[in-house]
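Single-letter residue listing:
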Amino acid sequence: MGTKVRGLALPMLFLGGALGLQSGIVVAGEEAKGSGAHWGYEGETGPANWGKMGFPACAEGKNQSPIDINAAAEVTLDPIRFDYKPAPLQVVNNGHTIQFNLPPGSTITIGGKSFTLAQFHFHGGSEHTVKGKGFPMELHLVHKAEDGELAVVGILLAAAESESAPVGHGAAANPTLERVFGALPAMAGLTLTSDQQIDPAALLPHDRAYFHYKGSLTTPPCSEGVNWFVMGEPVTITRKQLLHYASVFDNNARPPQPLHSRNLYHGGKGGAAAAGH
Ligand SMILES: [Zn+2]
């Protein structure tokens, strides 16, 4: 697989213990170092209580993400121009998700503004829903502009009919997803570095029409001012890949939040032509 362990945030004593456990454990790797509370996805530390845990925007914000995608206004939106390049990945299990960090070089351009792809990560199940229907997983590609503004491209992942069914927009299992999922560190605090080149463009759906709204981070501190672009066409993944992810995280999805007075737009057709792959 070409991955190697590069660094461990956990003490070896704990790692030794964790190695003997089943996957699916969630350890507060990053919180242990920071001042944040130990937020999670279930029970007392779950999404309904994040506001009480020192993250007021999660409860009081009126522009929160995710949302249910429903009744979008059909408008003319600029296509997203994807200029993604293959790059080696650094894979981090931060206890809340598995994050794939990229070196600078991949960008999107929307309305003349450029955002650099910093990382992508997964949620299981999906965070955005479509007319009340959830998907098994969701991929978030997180981009940052020079002025610090964030743009997240969300891709809903749908399960193939059978374990061995074809996936994605090809006839075989999406080889990029296969490679990405082959490097999931099961333990929080674990960082892997892959020497393989991963092309993030291969994770995109063929149709580049998208839904757009102004939202937030979907994890504490739930900061607002995030530009969301949720692709209308889901990408299909195999049941085997789903089970593999679920063995590491069986639930890391915030439920949909009220739209309040925001607008949801749908458009951007023609983006595939500008995709550059
Ligand atoms: Zn996310």
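The rules behind each value
- Residues numbered from 1 in each chain as written.
- Predicted model: local features only at pLDDT ≥ 70, side-chain atom pairs only at ≥ 80, totals over all residues.
- Helix = DSSP H or I, 4+ residues; strand = E, 2+ residues; numbered from the N terminus.
- Contact = placed C-beta atoms within 7 Å.
- Buried ≥ 20, exposed ≤ 12 C-beta atoms within 10 Å, placed from the backbone.
- Pairing = 2+ DSSP bridges.
- Core = buried A, V, L, I, M, F, W, Y, C linked by C-beta atoms within 7 Å.

Enquirer: In this structure, what is going on with the overall build of the protein? I would like to understand it.
Expert: On a plain count of helices and strands, the protein comes out with 4 helices and 16 strands. At a minimum sequence separation of 6, the contacts of the protein that also span at least 24 residues come to 70%.

Enquirer: Teacher, can you tell me more about unusual backbone geometry here?
Expert: Note on backbone geometry: most residues besides glycine have negative phi, and most peptide bonds are trans. Following G124, the chain continues to G125 via a peptide bond in cis, the omega torsion being -5 degrees. Among the secondary structure elements, G125 is positioned in the loop between strand 8 (113–124) and strand 9 (129–130). The peptide bond linking P220 to P221 adopts the cis configuration, its omega dihedral lying at 10 degrees. Assignment of secondary structure puts P221 in the loop between strand 13 (210–216) and strand 14 (224–231). Despite not being glycine, K131 shows a phi value in the positive range, around 50 degrees. If you trace the backbone, K131 turns up in the loop between strand 9 and strand 10 (137–144).

Enquirer: Help me understand the pairing of strand 13 in this model?
Expert: Of all 7 residues in strand 13, 6 are buried, a share of seventy percent or more. Sheet topology note: the strand 13/strand 14 ladder contains 7 bridges and is antiparallel. Paired with Y210 across the two strands is M231, which belongs to strand 14. Bridge count between strand 13 and strand 16 (residues 265–267): 3 bridges; the pairing is antiparallel. When the bridges of strand 16 are listed, F211 appears paired with H266.

Enquirer: Can you walk me through the pairing of strand 11 (residues 150–159) in this structure?
Expert: A regular strand places its side chains so that they alternate between the two faces of the sheet. Here strand 11 lies mainly inside the structure; 7 of its 10 residues are buried. Inspection of the sheet shows strand 10 paired to strand 11 by 8 bridges, in the antiparallel sense. Of the residues in strand 11, the one forming a bridge with H143 is A151. Taken together, strand 10 and the strand that follows it, strand 11, pair antiparallel across an intervening segment of 5 residues, in which G148 is found at a positive phi of about 95 degrees. The pairing of strand 11 with strand 14 spans 5 bridges and is classified as parallel. Each bridged residue has a counterpart across the sheet, and for V152 the counterpart in strand 14 is W228. Where strand 11 and strand 15 (residues 235–237) come together, 3 bridges link them in parallel fashion. Note on strand 15: the bridge partner recorded for L157 is V235.

Enquirer: I keep staring at the nonpolar core and nothing clicks. Help me out?
Expert: The nonpolar side chains of soluble globular proteins are, as a tendency, buried together. I155, L157 and Y245 are the most contacted members of the largest nonpolar core, which has 60 residues in total. Sorting elements by how many residues they give to this core places strand 11 first, with 6 residues. Beyond its immediate sequence surroundings of up to four residues, I155 is in contact with E138, L139, L203, L204, P205, M231 and V235.

Enquirer: What should I look at first to understand the environment of G54 in this one?
Expert: In this fold, G54 is placed in the loop between helix 1 (12–19) and helix 2 (57–60). Overall, G54 belongs to the partly exposed group, with 13 C-beta atoms counted inside 10 Å. Between the alpha carbons of G54 and W39 there is a distance of 9.8 Å; along the sequence they are 15 residues apart.

Enquirer: Teacher, can you tell me more about the environment of D199 here?
Expert: Turning to its location among the elements, D199 is positioned in the loop between strand 12 (190–198) and strand 13. Distance from D199 to T176, taken between C-alpha atoms, is 7.1 Å for residues 23 residues apart in sequence. Here D199 is in contact with Y84, P86 and T176, once residues within four sequence places are set aside.

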